[in-house]
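Geometric and topological summary
Each chain is listed here by its residues.
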Amino acid sequence: GEEVAQTPKHLVRGEGQKAKLYCAPIKGHSYVFWYQQVLKNEFKFLISFQNENVFDETGMPKERFSAKCLPNSPCSLEIQATKLEDSAVYFCASSHKRAGGLGYTFGSGTRLTVV
Amino acid sequence: DQQVKQNSPSLSVQEGRISILNCDYTNSMFDYFLWYKKYPAEGPTFLISISSIKDKNEDGRFTVFLNKSAKHLSLHIVPSQPGDSAVYFCAASEGGYNQGGKLIFGQGTELSVKP
């Protein structure tokens, strides 16, 4: 399809629980990006993939966050042992090219609330 | 360390008038700048971009100006319409094949266009 599909739209987790978010990129797009938006502020880059390979993970809090993009499956972002500060909207974007954010299409986001 | 800054959290203009949204950056290695528009509960949508080798790019009612010496860019919307009411994010990309298309976002400016 021509949209980036993110599921679920909303997710509520108790502190310490696991959260798993999914992103189906646009068919034919090789690049996937995850961003975190806390409190309607700026989008913080987390990680990017080229197909199933991690391209840049400099934004990932490595202790509790992990992500995968496996062939023929939606990409996923998993947070082990969630903390209150993980409450945010997580956006996925896909692109057919790498350069400069051009050609990005964003999904509608998953709102994670940690209580 | 905020590399991209939008110092005005909100802006209100009258329909038909010009809207000017501003953005400052600190990293001289940025080579693409983009503006995204975001409605509530949706992902950002690409509006217009400019390469660092240009000083102006125009697309219909939207014009982006880049002043590299001042590390400043602005988005002009003329004439403003009520449907332009949204949050506008400025973003920058550090280019080169190895940079992976990661975007650095500003905090956003909420534009309200009043009929």
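Here the structure is a predicted model, which is why all the values come from computation and not from measurement.

**Details of the environment of Glu42 of chain A**
Among the secondary structure elements, Glu42 of chain A is positioned in the loop between strand E4 (31-37) and strand E5 (43-50). Residue classification places Glu42 of chain A among the partly exposed residues on the basis of a relative accessible area of 25%. Residues within four places of Glu42 of chain A in sequence aside, it is in contact with Gln36 and Gln37 of chain A together with Gln2, Phe89, Phe105, Gly106 and Gln107 of chain B.

**Structural notes on the pattern of salt bridges**
Under the criterion given, the structure shown has six salt bridges over all chains. Across the salt bridge formed by Lys102 of chain B and Asp56 of chain A, the nearest N and O atoms sit 3.8 Å from each other. Within this pair, whereas Lys102 of chain B is found in the loop between strand E9 (86-94) and strand E10 (103-105), its partner Asp56 of chain A is found in strand E6 (residues 53-56), the two belonging to separate chains. Residue classification places Asp56 of chain A among the buried residues on the basis of a relative accessible area of 12%. Here the salt bridges do not stand alone but share partners, grouping Lys18, Lys20 and Glu78 of chain A into one network.

**Looking at the sheet that holds strand E7 (residues 65-68) of chain A**
Residues and elements named next belong to chain A. Spatial ordering of the open sheet is given by E1-E3-E8-E7, a layout of four strands whose pairing is antiparallel. The sheet is open, and its two edges are formed by strand E1 (5-7) and E7, each paired on a single side. Strand-to-strand, the axes of this sheet are offset by a mean angle of 15°, without reference to chain direction. In the sheet, E1 pairs with strand E3 (residues 19-24) via three bridges, with the strands oriented antiparallel. Counted as the bridge partner of Ala5 is Ala24 from E3.

**Concerning the sheet that holds strand E7 (residues 62-67) of chain B**
Residue and element names in this part refer to chain B. The strand order E1-E3-E8-E7-E6 describes an open sheet built from five strands, whose pairing is antiparallel. Either end of the sheet is taken by a strand with one partner, and the two such strands are strand E1 (4-5) and strand E6 (56-59). Relative to strand E8 (residues 72-77), strand E3 (residues 19-25) is paired through six bridges, and the arrangement is antiparallel. Among the inter-strand pairings, Leu21 is bridged to a residue of E8, identified as Leu75.

**Structural notes on the state of the cysteines**
Residue and element names in this part refer to chain A. Under the defined criterion, the tally for this structure stands at three disulfides over all chains. Two residues share a disulfide in this structure: Cys23 and Cys92, whose sulfurs sit 1.9 Å from each other. Across the disulfide from Cys23 to Cys92, rotation about the S-S bond amounts to roughly -55°, and the bridge is consequently left-handed. You can see Cys23 sitting in strand E3 and its partner Cys92 sitting in strand E9 (residues 88-95), a full 69 residues away along the chain. Under the relative-accessibility criterion, Cys92 is labelled buried at 0%. Through a disulfide, Cys69 is tied to Cys75; the S-S separation comes to 2.0 Å. One disulfide, between Cys69 and Cys75, carries an S-S torsion of 110° and so falls in the right-handed class.

**Examining unusual backbone geometry**
The omega torsion of the bond from Thr7 of chain A to Pro8 of chain A falls at -15°, within 30 degrees of zero and hence cis. Mapped onto the elements, Pro8 of chain A comes out in the loop between E1 and strand E2 (10-13). Cis geometry is found at the peptide bond from Val78 of chain B to Pro79 of chain B, where omega equals -10°. Although it is not a glycine, Asn51 of chain A adopts a positive phi angle of roughly 55°. For Asn51 of chain A, the position within the fold is in the loop between E5 and E6. Note on Asn51 of chain A: relative accessible area 43%, which makes it partly exposed.

Calculation rules
Residues numbered from 1 in each chain as written. Chains lettered and ligands numbered in written order. Predicted model: local features only at pLDDT ≥ 70, side-chain atom pairs only at ≥ 80, totals over all residues. Heavy atoms only, no water. Helix = DSSP H or I, 4+ residues; strand = E, 2+ residues; numbered from the N terminus. Buried < 20%, exposed > 50% of the residue type's maximum accessible area, 1.4 Å probe, protein only. Contact = heavy atoms within 4.5 Å. Salt bridge = Lys/Arg side-chain N within 4 Å of Asp/Glu carboxyl O. Pairing = 2+ DSSP bridges. Axes fitted to C-alpha atoms, helices over the stretch in contact; angles between N-to-C directions. Disulfide = S-S within 2.5 Å.

Such coordinate-based values are descriptive only and should not be taken to indicate function.
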